[in-house]
Amino acid sequence: MVFVTMVLTCFLACNNNDKPRAEAVADRAAMPVLLADTVNTLVSDSGVTRYRIKTPKWEIYDKSSPPHWLFPDGVYLEKFNEALETEAYLEADYAYYDEDTQIWELDGNVHALNLEGEKFETQQMFWNQKTERVYSDSAITITKATSIINGIGFESNQTMTRYTIRKPQGVFPIKDE
């Protein structure tokens, strides 16, 4: 009788139909396909390390309209030369990338260093990968080796080596010739 009781108890315990289940996803567009924390990754081209991406949080929403990437806690992108020395970088407190338009929006304490060693500081910057243009309507400070340029708004090529400041401000030294 003890044996029969044990078998029935085990059988009834194993046939529990009240298994815990996760709720169905109501809105797949609001759910990231990728959610990564503390990302520090290297990107190579033809076997040579070219870039580093560092971010506390990276979210990819592939079913939203538009599909996009989100870096809510900031992002740091670094470009290396062949000796693996940093030759350019870009960082911001927040970043959003629209996959359809291929436009990056960088917000909050945006800092960049171009290949010529010039430093750019602004609060908001956009990078259109299709047109290969970088632009902003915000205040901008560009620190060069011999001068500092301030202004409101700028437009540049994507390497930020040829740029125009829309409303320059400040004192500019002029060489006598």
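What you see is a predicted model, and the numbers here were worked out from it, not measured in a lab. (Residues numbered from 1 in each chain as written. Predicted model: local features only at pLDDT ≥ 70, side-chain atom pairs only at ≥ 80, totals over all residues. Heavy atoms only, no water.)

Novice: Can you walk me through the overall build of the protein in this structure?
Specialist: Looking only at helices and strands, the protein has one helix and 11 strands in total. Order of helices (α) and strands (β) in the protein, N terminus to C terminus: α-β-β-β-β-β-β-β-β-β-β-β. Here the protein, with 177 residues, has 28% of them falling under the buried criterion. Contacts in the protein between residues at least 24 apart in sequence constitute 31% of all its contacts with a sequence separation of at least 6. Taken as a whole, the protein presents about 12,000 Å² of accessible surface, with 54% of it coming from carbon and sulfur. (Helix = DSSP H or I, 4+ residues; strand = E, 2+ residues; numbered from the N terminus. Buried < 20%, exposed > 50% of the residue type's maximum accessible area, 1.4 Å probe, protein only. Contact = heavy atoms within 4.5 Å. Areas by Shrake-Rupley, 256 points an atom, 1.4 Å probe, with all protein chains shown as cover.)

Novice: Where do I start with the packing of aromatic side chains in this structure?
Specialist: Here the distance between the centres and the angle between the planes together describe a pair of aromatic rings. With the rule as written, the count across this model stands at 11 aromatic pairs. Here Phe 126 and Tyr 135 contribute two aromatic rings whose centre-to-centre distance is 5.4 Å and whose plane-to-plane angle is 15°, an arrangement assigned as stacked. Through a chain of ring-to-ring contacts, three or more aromatic side chains come together here, namely Trp 58, Trp 69, Phe 71, Tyr 97, Trp 104 and Trp 127. (Phe/Tyr/Trp six-rings, centres within 6.5 Å; stacked < 30°, edge-to-face > 60°.)

Novice: What should I look at first to understand the layout of surface pockets in this one?
Specialist: One water molecule sets the probe size; rolling that probe over the atoms shows where empty space is left. Space inside the largest pocket adds up to approximately 670 Å³. Tyr 51, Leu 77, Leu 90, Trp 127 and Gln 158 are, among the 27 residues lining the largest pocket, the residues nearest its centre. Every element with two or more residues in the lining of the largest pocket is listed here: strand S2 (48-61), strand S3 (68-71), strand S4 (75-80), strand S5 (86-92), strand S7 (103-113) and strand S8 (119-128). Residues that form the lining of the largest pocket fall into these classes: 21 nonpolar, four polar and two charged. (1 Å grid on protein atoms, 1.4 Å probe; cavity = no way out; pocket = protein on both sides within 12 Å on 5 of 7 lines; lining within 4 Å. Points joined across faces, edges and corners; volume = space filled by probe spheres on them. Nonpolar A, V, L, I, M, F, W, Y, C, P; charged D, E, K, R; others polar.)

Novice: How do you make sense of the pairing of S8 when you look at a structure like this?
Specialist: Two faces belong to every sheet, and in a regular strand the side chains alternate between them. Across nine bridges, S7 lies against S8 in antiparallel orientation. Looking at S8, one finds that Glu 105 is bridged to Phe 126. Joining the antiparallel neighbours S7 and S8 is a turn of five residues, in which Gly 117 adopts a positive phi near 85°. Relative to strand S9 (residues 133-143), S8 runs antiparallel, the two sharing seven bridges. Each bridged residue has a counterpart across the sheet, and for Trp 127 the counterpart in S9 is Val 134. Hairpin connection from S8 to S9: four residues lie between these consecutive antiparallel strands, with Glu 132 at a positive phi of about 60°. (Pairing = 2+ DSSP bridges.)

Novice: What is the right way to read the pairing of S3 from this model?
Specialist: Bridge count between S2 and S3: three bridges; the pairing is antiparallel. Opposite Tyr 61, over in S3, you have His 68 as the bridge partner. Between S2 and S3, which follow one another and run antiparallel, lie six residues. The pairing of S3 with strand S6 (residues 94-98) spans four bridges and is antiparallel. In the strand pairing of S6, His 68 is matched with Asp 98.

Novice: Looking at this structure, how should I read the environment of Leu 42?
Specialist: The topology assignment puts Leu 42 in strand S1 (residues 34-45). Its relative accessible area of 49% is what places Leu 42 among the partly exposed residues. Separated by 10 residues in the primary sequence, Leu 42 and Arg 52 have C-alpha atoms spaced 4.4 Å apart. With residues near it in sequence (within four places) discarded, Leu 42 still touches Thr 49, Tyr 51, Arg 52 and Phe 80.

Novice: Mind showing me how you'd approach the side chain of Asp 107 here?
Specialist: Position of Asp 107 among the secondary structure elements: in strand S7. Here Asp 107 is buried and forms no salt bridge, its nearest opposite-charge partner Arg 166 lying at an N-O distance of 14 Å. Only 2.8 Å separates the side chain of Asp 107 from the side chain of Gln 124, close enough to count as a polar contact. For Asp 107, the contacting residues outside a window of four places in its chain are Ala 92, Asp 93, Tyr 94, Gln 123 and Gln 124. (Lys, Arg positive; Asp, Glu negative; His and termini not counted. Salt bridge = Lys/Arg side-chain N within 4 Å of Asp/Glu carboxyl O. Polar contact = N/O pair within 3.5 Å; in protein donor to acceptor, adjacent residues only side chain to side chain.)

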